[in-house]
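If you want the building blocks of each chain, they are given just below.
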Amino acid sequence: MEIFTYMEKYDYEQLVFCQDKNSGLKAIIAIHDTTLGPALGGTRMWTYNSEEEAIEDALRLAKGMTYKNAAAGLNLGGGKTVIIGDPRKDKNTEMFRAFGRYIQGLNGRYITAEDVGTTVEDMDIIHMETDFVTGISPESGSSGNPSPVTAYGVYKGMKASALEAFGDDSLEGKTIAVQGVGNVAYSLCEYLHKEGAKLIVTDINKAAVDRAVKAFDARAVDPDDIYDVDCDIYAPCALGATVNDNTIPRLKAKVVAGSANNQLASTIHGDILHEKGIIYAPDYLINAGGVINVADELNGYNETRAMKKVDTIYDSILKVFEIAKRDNIPTYLAADRMAEERIESVRNSRSQFLLNGHHTLSRR
Ligand SMILES: NC(=O)C1=CN([C@@H]2O[C@H](COP(=O)(O)OP(=O)(O)OC[C@H]3O[C@@H](n4cnc5c(N)ncnc54)[C@H](O)[C@@H]3O)[C@@H](O)[C@H]2O)C=CC1
Ligand SMILES: CC(C)CC(=O)C(=O)O
């Protein structure tokens with residue numbers, strides 16, 4: 001990959017490589033756009049096959065955060081970090097402290113939180129070195145783990161999608177295929193099970209599958225079989241790019257609605273879903289609950305206020321479906337236009353985010 005060519009093409013601001021030999025830290029912070037405010041996005045720890053794969057993931061995820069934060073009405077830009085390593089084996093305190101110091105060095109241009117492979121405990125360690133971290137323990141005045149709130153937002157967005165596809169937003173009796181039953185999806189399954197949905201689950205982690213089968217009377221299938229099952233809704237809740245050339249022809253679902261970031265392998269796959277009449281709930285709209293919740297910390301966390309905002313995901317999804325129908329465009333494009341319009345409307349009055357010296361995080 002020609003990095004500057006890629007950055008120029010999608011207009012990225014900054015890419016930061018962080019290395020600490022002592023702790024084994026190898027992290028990449030990608031800042032896509034800070035027109036609306038400091039870049040807020042989580043830190044993913046994952047075993048990448050190559051450095052190039054890690055860079056590409058950081059870049060794609062950061063751009064997604066720009067759109068997510070803009071579409072959610074937050075005054076925040078988009079960024080994301082990936083740490084190269086196995087979250088089950090390679091973590092240590094020094095690693096997250098070193099990473100915290102790198103974040104501090106960015107002086108507020110980037111604020112982090114959890115993502116795949118990182119936890120509240122990791123954020124607490126980062127917090128030893130910097131205030132620019134959210135999703136830390138509630139005892140510190142923070143909102144804690146964002147995953148259950150992300151799950152609640154996905155649940156609301158899924159109901160809105162069901163209304164569009166089936167004329168009724170009830171999920172009772174609907175068969176929902178859930179890919180990945182990790183932090184977000186486990187909470188999501190709780191809502192779905194409570195409402196009377198029938199669940200089919202898969203995960204590469206057998207323990208996660210067993211837990212979901214036991215708790216929700218779910219049917220388990222092998223990871224690759226999830227695309228072939230008879231279901232009403234496919235909920236991608238693992239990693240990205242699972243809606244692709246190989247999987248779309250196999251999907252029986254009328255709706256794609258889940259928590260994963262970057263669900264479409266490319267925009268072409270959003271076009272294909274549109275042509276096939278499959279309702280796609282744009283990933284960054286439906287999974288914005290977590291970032292809405294942690295962003296509320298920047299004003300001094302208020303759970304009622306944050307959850308009220310998360311509830312608006314239902315209406316945002318319906319609004320995007322409405323625009324898509326009105327303009328006869330795929331739903332991902334309708335969402336992109338909504339986000340881009342918001343960014344453009346402030347771009348002229350403000351170019352790059354600069355910390356103005358007082359930040360509410362430092363007063364927690
Ligand atoms: N945690 C949050 O608040 C938010 C998470 N997301 C996104 O939602 C997705 C899930 O996030 P979390 O639940 O936090 O992560 P997690 O790591 O707790 O869960 C992901 C699960 O997917 C499984 N998995 C990975 N590859 C798989 C495959 N090929 N087939 C089946 N299962 C597979 C993992 O074993 C794990 O159990 C990610 O894409 C994340 O970026 C998006 C917004 C917020
Ligand atoms: C985990 C969230 C709090 C932020 C994020 O990175 C996301 O929404 O993908």
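Keep in mind that what you see is a predicted model, and the values were worked out from it rather than measured.

Asks: Just to check I follow, could you spell out the pattern of salt bridges for this structure?
Replies: Close approach of charged atoms lets side chains of opposite charge pair. If you walk through the whole model with that rule in mind, you get 20 salt bridges. Between lysine 91 and aspartate 122 there is a salt bridge, and its shortest N-O distance comes to 2.7 Å. Placement of lysine 91 in the loop between β5 (77–84) and α3 (93–105) and of aspartate 122 in helix α4 (residues 120–127) is noted, with a sequence separation of 31 residues between them. The buried category is assigned to aspartate 122, whose relative accessible area is 6%.

Asks: What exactly am I supposed to notice about the packing of aromatic side chains here?
Replies: Each aromatic ring pair is described using two quantities: the centre-to-centre distance and the angle formed by the ring planes. The final tally for this structure, using the stated rule, is 7 aromatic pairs. Between tyrosine 155 and tyrosine 191 the ring centres are 5.0 Å apart and the planes differ by 15 degrees, which places this aromatic pair in the stacked class. In this pair, tyrosine 155 sits in helix α5 (residues 147–166) while tyrosine 191 sits in helix α6 (residues 183–195), placing the two residues 36 residues apart along the sequence. Residues tyrosine 186 and phenylalanine 216 carry aromatic rings whose centres are separated by 5.0 Å and whose planes lie at 50 degrees to one another, so their mutual orientation is tilted. Of this pair, tyrosine 186 sits in helix α6 while phenylalanine 216 sits in helix α7 (residues 206–216), and the two are 30 residues apart along the sequence. A residue is classified by how much of its surface remains accessible, and phenylalanine 216, at 6% relative accessible area, is buried. An aromatic cluster of at least three residues, connected via ring pairs, comprises Tyr6, Tyr10 and Tyr12. In this structure, arginine 211 packs its charged tip against the face of tyrosine 186, placed 3.6 Å from the ring centre.

Asks: Is there a simple way to think about the domain arrangement of the protein chain in this case?
Replies: By a widespread convention, an interface's size corresponds to the accessible area lost as its parts come together. Each assigned domain of the protein chain is listed with its residue range as follows: domain 1 (3–65 + 76–140) and domain 2 (147–338). Centre-to-centre separation of domain 1 and domain 2, based on C-alpha positions: 24 Å. Across the boundary between the two partners, domain 1 contributes 16 residues, which contact 11 residues of domain 2. Summing the contributions of domain 1 and of domain 2, the shared interface buries around 1,100 Å²; its carbon and sulfur component is 63%.

Asks: Which parts of the structure should I look at to understand the sheet that holds strand β10 (residues 233–236)?
Replies: In a beta sheet, neighbouring strands are held together by backbone hydrogen bonds and run either parallel or antiparallel to one another. An order of β9-β8-β7-β10-β11-β12 is seen for the 6 strands of this open sheet, with the pairing classed as parallel. Where the open sheet ends on each side, the last strands, each with one partner, are β9 (219–220) and β12 (279–280). Pairing of strand β8 (residues 198–202) with β9, which is carried by 2 bridges, proceeds in the parallel orientation. Paired with isoleucine 200 across the two strands is arginine 219, which belongs to β9.

Asks: What should I look at first to understand the site of ligand 2 in this one?
Replies: By nearness alone, every residue bordering ligand 2 is listed as Gly41, Gly42, Met65, Lys68, Lys80, Ala113, Glu114, Pro146, Asn261, Gly290, Val291 and Val294. In the environment of ligand 2, an oxygen atom lies 2.6 Å from a nitrogen or oxygen atom belonging to the side chain of lysine 68. A distance of 3.0 Å separates an oxygen atom of ligand 2 from a polar atom in the side chain of asparagine 261. Expressed as a share of its isolated accessible area of 280 Å², the protein-covered part of ligand 2 is 93%. Only α2 (51–71) and α10 (289–295) provide two or more residues apiece to the shell around ligand 2. Its residues placed into classes, the shell around ligand 2 shows 5 nonpolar, 4 polar and 3 charged. Taken together, domain 1 (3–65 + 76–140) and domain 2 (147–338) each give at least three residues to the shell around ligand 2, which thus spans both.

Asks: What should I look at first to understand the packing of α5 against α6 in this one?
Replies: Closest axis-to-axis distance for the α5/α6 pair is 8 Å, and the angle between their directions is 45 degrees. Our classification of the angle between α5 and α6 gives oblique. Viewed along their axes, α5 and α6 form a crossing whose handedness is right-handed. For the pair α5 and α6, contact is made by Ser147, Pro148, Thr150, Ala151, Tyr152, Val154, Tyr155, Met158 and Lys159 and by Asn183, Val184, Ser187, Leu188, Tyr191, Leu192 and Glu195, respectively. Residues belonging to the contact of α5 with α6 are distributed by class as follows: 10 nonpolar, 4 polar and 2 charged.

Quick notes on the rules
Residues numbered from 1 in each chain as written. Chains lettered and ligands numbered in written order. Predicted model: local features only at pLDDT ≥ 70, side-chain atom pairs only at ≥ 80, totals over all residues. Heavy atoms only, no water. Salt bridge = Lys/Arg side-chain N within 4 Å of Asp/Glu carboxyl O. Helix = DSSP H or I, 4+ residues; strand = E, 2+ residues; numbered from the N terminus. Buried < 20%, exposed > 50% of the residue type's maximum accessible area, 1.4 Å probe, protein only. Phe/Tyr/Trp six-rings, centres within 6.5 Å; stacked < 30°, edge-to-face > 60°. Lys NZ or Arg CZ within 6 Å of the ring centre and 35° of its normal. Domains from an automatic or database assignment. Contact = heavy atoms within 4.5 Å. Buried area = accessible area lost by both parts, 1.4 Å probe. Pairing = 2+ DSSP bridges. Near = heavy atom within 4 Å. Polar contact = N/O pair within 3.5 Å; in protein donor to acceptor, adjacent residues only side chain to side chain. Areas by Shrake-Rupley, 256 points an atom, 1.4 Å probe, with all protein chains shown as cover. Nonpolar A, V, L, I, M, F, W, Y, C, P; charged D, E, K, R; others polar. Axes fitted to C-alpha atoms, helices over the stretch in contact; angles between N-to-C directions. Parallel < 35°, antiparallel > 145°, perpendicular 65-115°, else oblique. Left-handed = near helix turned anticlockwise from the far one by under 90°.

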